[in-house]
Amino acid sequence: MSTATTDTVTKPGPGMRFTSAAANYIDERTSASGFVRELGRKIFPDHWSFMLGEVALYSFVAILLSGTFLTFFFDPSMTATHYQGSYVPLKGVEMSVAYASTLDISFDIRGGLLMRQVHHWAALLFVASIGLHMLRVFFTGAFRKPREINWVIGFVLFILAMAEGFTGYSLPDDLLSGNGLRIIDGMVKGMPVIGVWISYLLFGGEFPGHDIVPRLYVLHIMLLPAILIALIGVHMLLLIVNKHTQFAAPGRTNQNVVGSPILPVFAAKAGGFFFIVFGAIVLIASVFTINPIWNYGPYDPSPVSAGTQPDWYIGFADGALRLVPPHWEFVFLGYTWSMNILIPILVIMVFLVLVTFYPFIEAWITGDKREHHMAERPRNAPTRTAIGAAGVTFYGVMWAGASSDLMATHFMLTIEGVIVALQISLILGPIAAYIITKRVCLALQKKDREIALHGFETGRIVRLPGGEYIEVHEPLNEYDRWRLVAHETYRPLMIRPNERGRITVGQRVRAGLSRWFFEDRIEPVTRSELERAHHHE
Amino acid sequence: MAEHHDSAADGSAVELSEPRTVTSGTAVISADRFENPGLPVDHQRVTDLDPAQERKAERRIIWLFWLSLIGSVFAIAAYFIWPIEPGNMTSTRMNNLMLGIGITLGLFGIGLGAVNWAKSLMHGHEEVEPRHDTRGTEATRARAVEIFQQANAESGFTRRRLLRNSLIGALVVAPLPAVVLFRDLAPADEPHELLRHTMWEKGTRLALDPSGAPIKASDVTVGSVFHVIPESLAKLGHGDGYLEEKAKAVVLMMRLRPEELNEAEDRKDWSYDGIVAYSKICTHVGCPVALYEQQTHHLLCPCHQSEFDVANHCEVIFGPAARPLPQLPITVDAEGYLVAQSDFHEPVGPSFWERER
Ligand code: HEM
Ligand code: FES
């Protein structure tokens, strides 16, 4: 397959001579040629959905670059100062140095506002693209062996990205960031036994204190980025070891990768795509204002601004807090149990843990120990896809909760009505999403079978000599058919006694789950089925 | 990537090419399934077929790279042409916009050019690379095991049990000093005691937030709402604990008609002529509660929409909060100014573990 690509032999010019001398110099000191041999022609398959992870990576680079610029001007101190900068409405107002320096970045440093907005927009895009990337991996089953570890790493990256976002949002010490911290403080205080102490240590005394911004700053620009970069490195390394998944297509098997080599095609596409993503972020940042902290004023515990929203990725947690019914708190043994805070935190934790361990749960149910390199079409794993849809709905309802007040004012509803509707949706929504998605997947699979067996409907009706009318079906060629029949299914697990003749509880649970997963299944068309179908026609 | 012969069977996606068998669990593997038809013949692009098209594509890409150059130079020029003038918002906007557009062009040109180059000029055929099992080859694994065994034999790691366990013990305890090191993140008080007191005390005047002007009872009309701080707070600077005290002491003061208030027996004298004062700090997680509905006498917290009924001692009527807002007992002094009778009788703000102690 790999045909030689050099069709013209170029005479070495001075540039080429320099390049080869430099390459020689480096190789003699690093043996870098080995890397080039191993990686230079590594094959990357192509599919639009594979770009989501790339967007995440590239927006992270944009974050690093813009963030580093900001560190040169931002001063994370909570010492009080009277603002003397160029923004007239706040002249003379007492505020923290952190807030004043953010104003200076925005109004006294050319390009400072642009870099702030690049940083913030890139942060939003970063978390969004990680989320979508995760969904792609989930719905195509790309988390299956041997990629379970990379799933877990990716998920940790998602959490860290949210942590980075929250710490960053808190740095400018404006009204909204302080209010966000106040909510965190309230939640921390609600934790049993250690809550008050943790809050006290975190803030260096009573809220808000003078320590929280510098502390978050160290987390934001040193500790968390270091962990993020290290984990992204491992994530990429495992990607190289495991190689990319690919969708079923003619010639693509579980034992090969079909696509373009890194040098030159993939490098040009991916490298070019980096510039496009970065360019898009800069474009948005130069046209749309984000986080206009000068409108909010410095932090003060008293004023409020209704209708303000946290950054989107914090929304689900905020919404979870809102959906708790009144009075969920009691005193037991003389201590206060704030269930209105503990329960939503617990629910979110359980949700996150389930997401983290999903690959292992599914592997246990199927008992499949083979490596899987083919990305599945979501319809071909109906139960998984339905579970995913239920999870997305659950997340979506919590997220909608964060906008309950906006929904109420926009659609002229009562806030109580919106909340109650969302409380009901939080429970019924995922169930409905599960059932509908599963049905839709099975229907699509049936449709695929129809097409594989009888071909496409052409919409052309002909009258047979006998007088009956039939619609002409265009049979599929073997290449198109392959995409519809390449997948495999699983049977529900039979309960069998183990060596000692006993049926363990684990077996029963596993069989139950397996039945839930695979009871309704539609198997791909086989060769003899197709032959039989042809005989009938 | 030791062996480079293609061990992959070209057929089904599940046929195993290694002699080692790995269980496929409950997967259905039918002998009757279709064969993979193999890679189809490559299609040719216009640029592969027509040299004129190829030259055109090349020119287009060159233009894109030039566009990038122009954009970057424009950005540098914009930095000087559109400076920020103090106090002039428009100049800030222009600086942001022009600089941004220049940089955008600089980046887009390169990006679109490179992607175009890859798509229309570079060798476009798909290539196939074999995959191998992720696990090391049997020989590699055997050697790895051998190395561990040798290391174990040479060090006596499993043989010298006590020695090994002592090391593990030491390693576990070694990081613990770090835990106590964090104790001094905050000063040495009993934190929950601090949460029980605010700046309010007997005789503190209720004053306007943020000016600190004291409020006369006669100025408070029925239906009005006041954002209130202790008079003494306004004199504090940020360095003397202004924000920390304010975070606990802010109060909302409303005047209802006295007959609209359903007051508990023991709190009858906490209000003054229909004027009531409640902590502004939400008992949920601490946002300032500040939306007052005059007709219903309801207070709404903007953070998670808890609603409190002012007519009934601010009890929770909706939302995730669990407790009523604490009431500040008030009265008037000799000059007719509203004053506190005492501090709050319970901690303000979010619940905490030791609250009832
Ligand atoms: C995934 C990583 C990151 C995310 C999600 C993130 C997010 C944020 C956000 C949302 C803000 C508030 C910006 C605003 O004012 O509107 C912020 C501020 C800031 N970030 Fe980051 N950031 C990340 C990494 C970094 C890194 C690696 C650095 C430094 C090398 C950095 C430096 C800063 C600085 C100095 C500020 C304060 C300046 C300001 O508020 O204008 N950030 N970050
Ligand atoms: S802080 Fe008031 S409802 Fe949550």
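Residues numbered from 1 in each chain as written. Chains lettered and ligands numbered in written order. Predicted model: local features only at pLDDT ≥ 70, side-chain atom pairs only at ≥ 80, totals over all residues. Heavy atoms only, no water.

Per an unreviewed UniProt entry, the recorded name for chain B is Cytochrome bc1 complex Rieske iron-sulfur subunit, and the organism is Ruicaihuangia caeni. The record held by UniProt for chain B lists under Subcellular location (unreviewed entry) the comment "Cell membrane". (UniProt positions renumbered as here; feature names shortened; annotations may be inferred.)

**As for the interface of chain B and chain A**
On the chain A side, the residues contacting the 120 residues of chain B number 139 residues. Regarding the contact of chain B and chain A, the summed buried area is about 11200 Å², with carbon and sulfur atoms giving 61% of it. Of all residues in chain B, the largest losses of buried area upon contact with chain A belong to B:F34, B:R131 and B:W353, amounting jointly to 10% of the total for that side. At the boundary of chain B and chain A, one finds seven salt bridges. As a salt-bridge pair, B:E35 and A:R527 come within 3.9 Å of each other at their nearest N and O atoms. Every element with two or more residues in the side of chain B that touches chain A is listed here: α2 (51-81), α3 (89-121), β1 (127-130), α7 (191-194), α8 (242-249) and β9 (315-318) of chain B. Here the side of chain B that touches chain A gets 19 residues from one element, more than from any other, and that element is α3(B). Class assignment for the residues of the side of chain B that touches chain A results in 62 nonpolar, 31 polar and 27 charged. In the sheet, strand β5 (residues 256-261) of chain A pairs with β1(B) via four bridges, with the strands oriented antiparallel. Bridge assignment links A:G259 to a residue of β1(B), and that residue is B:E127. (Contact = heavy atoms within 4.5 Å. Buried area = accessible area lost by both parts, 1.4 Å probe. Salt bridge = Lys/Arg side-chain N within 4 Å of Asp/Glu carboxyl O. Helix = DSSP H or I, 4+ residues; strand = E, 2+ residues; numbered from the N terminus. Nonpolar A, V, L, I, M, F, W, Y, C, P; charged D, E, K, R; others polar. Pairing = 2+ DSSP bridges.)

**Some remarks on the state of the cysteines**
With the rule as written, the count across this model stands at one disulfide over all chains. No disulfide involves B:C314; its sulfur sits 11 Å from the nearest other cysteine sulfur, which is in B:C282. (Disulfide = S-S within 2.5 Å.)

**Looking at the site of ligand 1**
Residues and elements named next belong to chain A. As a matter of local geometry, ligand 1 sits amid 27 residues, with R116, H119, H120, H220 and N291 nearest to it. In this structure, an oxygen atom belonging to ligand 1 sits 2.9 Å away from a side-chain N or O atom of R116. Between H220 and ligand 1, the recorded distance is 2.7 Å, taken from a side-chain N or O atom to a nitrogen atom. Sorting the residues of the shell around ligand 1 by element identifies α3 (51-71), α5 (112-139), α6 (148-170) and α9 (212-242) as the ones contributing at least two each. (Near = heavy atom within 4 Å. Polar contact = N/O pair within 3.5 Å; in protein donor to acceptor, adjacent residues only side chain to side chain.)

**Quick word on the sheet that holds strand β10 (residues 327-328) of chain B**
All names here are of chain B. Here five strands make up an open sheet; going across it, the order is β2-β3-β4-β5-β10 and the pairing antiparallel. Each edge of the open sheet carries a strand with a single partner, namely β2 (206-208) and β10. Note: strand β5 (residues 275-279) against β10, two bridges, orientation antiparallel. Considered in β10, the bridge of A277 is made with L328.

**A short note on the packing of α6(A) against helix α13 (residues 339-366) of chain A**
Residues and elements named next belong to chain A. Running from N to C, α6 and α13 cross one another at 165 degrees; their axes reach a closest spacing of 8 Å. Judged by the inter-axis angle, α6 sits roughly antiparallel to α13. The chirality of how α6 crosses α13 is right-handed. Between α6 and α13, the residues in contact are E148, W151, V152, F155 and I159 and L352, V355, T356, P359 and F360, respectively. Tallied by class, residues from the contact of α6 with α13 come to eight nonpolar, one polar and one charged. (Axes fitted to C-alpha atoms, helices over the stretch in contact; angles between N-to-C directions. Parallel < 35°, antiparallel > 145°, perpendicular 65-115°, else oblique. Left-handed = near helix turned anticlockwise from the far one by under 90°.)

**Remarks on the pairing of β9(B)**
Regular strands have side chains that alternate between both faces of the sheet. All names here are of chain B. Bridge analysis of strand β8 (residues 307-309) against β9 gives three bridges, and the strand direction is antiparallel. Its bridge partner lying in β9, F308 is registered against V316. What sits between the antiparallel neighbours β8 and β9 is a turn of five residues, in which H313 has the positive phi angle 55 degrees.

**Considering the nonpolar core**
Counting residues in hydrophobic clusters, the biggest one holds 90 residues, and the most contacted among them are A:V118, A:F126, A:F158, A:I212, A:F278 and A:M398. Here this core takes 13 residues from α5(A), the largest share from any one element. Core analysis: the next-biggest nonpolar cluster, separate from the first, contains 26 residues, B:I215, B:I275, B:L328 and B:V348 among them. (Core = buried A, V, L, I, M, F, W, Y, C linked by side-chain atoms within 4.5 Å. Buried < 20%, exposed > 50% of the residue type's maximum accessible area, 1.4 Å probe, protein only.)

**Description of the confidence of the model for chain B**
Predicted confidence across chain B gives a mean pLDDT of 91, with 94% of residues reaching 70 or more. Low pLDDT, under 50, characterises residues 1-18 of chain B; the predicted model gives this stretch 33 contacts beyond four residues in sequence or across chains. (pLDDT = per-residue confidence, 0-100.)

**Overview of the UniProt feature "transmembrane region" (unreviewed entry) in chain B**
Residue and element names in this part refer to chain B. The UniProt entry lists residues 61-82, 97-118 and 162-182 under the feature "transmembrane region" (unreviewed entry), expressed in the numbering used here. A helix fraction of 95% and a strand fraction of 0% characterise residues 61-82, whose end C-alpha atoms lie 31 Å from each other. From the first C-alpha to the last, residues 97-118 spans 31 Å; its make-up is 100% helix and 0% strand.

**A look at the pattern of salt bridges**
With the rule as written, the count across this model stands at 37 salt bridges over all chains. Among the ionic pairs, A:K243 bridges to B:E129, the shortest N-O distance being 3.7 Å. Taken as a pair, A:K243 in the loop between α9 and β4 (246-247) and B:E129 in strand β1 lie in two separate chains rather than in one. Using a relative accessible area of 7% as the deciding quantity, one classes A:K243 as buried. With relative accessibility at 10%, the residue B:E129 sits in the buried group. The salt bridge involving A:R439 is made with A:D520; its shortest N-O contact spans 3.7 Å. With A:R439 in helix α16 (residues 415-454) and A:D520 in the loop between α18 (505-518) and α19 (527-536), this pair connects stretches of sequence that are 81 residues apart.

**Observations concerning the sheet that holds strand β7 (residues 298-300) of chain B**
The sheet built from four strands is open, its strands ordered β6-β7-β8-β9 (chain B) with antiparallel pairing. Of all strands in the sheet, those bounded by a partner on one side alone are β6 (291-293) and β9 of chain B. Neighbour to neighbour, the strand axes of the sheet diverge by 30 degrees on average, direction disregarded. Here α16(A) sits on the sheet in contact with β8 and β9 of chain B, set at roughly 70 degrees to β9(B).

**Thoughts on the coordination of the iron atom of ligand 1**
All names here are of chain A. Protein coordination at the iron atom of ligand 1 comes from H119 (NE2) and H220 (NE2), with a distance range of 1.9 to 2.0 Å. Of note is the iron atom of ligand 1, whose six donor atoms meet at the metal with angles of 86 to 179 degrees in an arrangement that counts as octahedral. Taken together, the residues H119 in helix α5 and H220 in helix α9 connect sequence positions 101 residues apart. Of the two residues examined, H119 and H220, each falls in the buried class. (Donors = N, O, S within 2.8 Å, 3.2 Å for Na, K, Ca; no water. Tetrahedral: all angles 85-135°; square planar, octahedral: opposite > 155°, others 65-115°.)

**A look at the domain arrangement of chain A**
Taken domain by domain, chain A comprises domain 1 (2-40), domain 2 (52-247 + 264-307) and domain 3 (437-536). A C-alpha centroid distance of 51 Å is found between domain 1 of chain A and domain 3 of chain A. (Domains from an automatic or database assignment.)

**Here we look at the packing of α5(A) against α6(A)**
All names here are of chain A. Remark: α5 packs on α6, axes separated minimally by 10 Å, with the N-to-C direction vectors making an angle of 160 degrees. It follows from the interaxial angle that α5 and α6 lie roughly antiparallel. Crossing hand, α5 versus α6: left-handed. Contacts between α5 and α6 involve H120, F126, V127, I130, G131, M134, V137 and F138 from the first element and W151, G154, F155, L157, F158, A161, M162 and Y169 from the second. Classifying every residue of the contact of α5 with α6 gives 13 nonpolar, three polar and no charged.

**Considerations on a positive patch on the surface**
A surface patch of like charges, here positive, comprises B:R55, B:K56, B:R59 and B:R60. By the secondary structure assignment, B:R55 is in helix α2. (Patch = residues over 30% accessible without salt bridge, like charges linked within 9 Å, V, L, I, M, F, W, Y side chains within 5 Å. Areas by Shrake-Rupley, 256 points an atom, 1.4 Å probe, with all protein chains shown as cover. Lys, Arg positive; Asp, Glu negative; His and termini not counted. Charge placed at Lys NZ, Arg CZ, Asp CG, Glu CD.)

**Concerning helix α8 (residues 195-203) of chain A**
Within an α-helix, residues lying three or four positions from one another point in the same direction, as the helix has 3.6 residues per turn. Considered for burial, the residues of α8(A) that qualify are A:G195, A:V196, A:S199, A:Y200, A:L201 and A:F203. Along its buried surface, α8(A) packs onto α7 (175-189) and α9 of chain A together with α7 of chain B. Just downstream of α8(A) lies A:G204, where phi reads positive at about 65 degrees.

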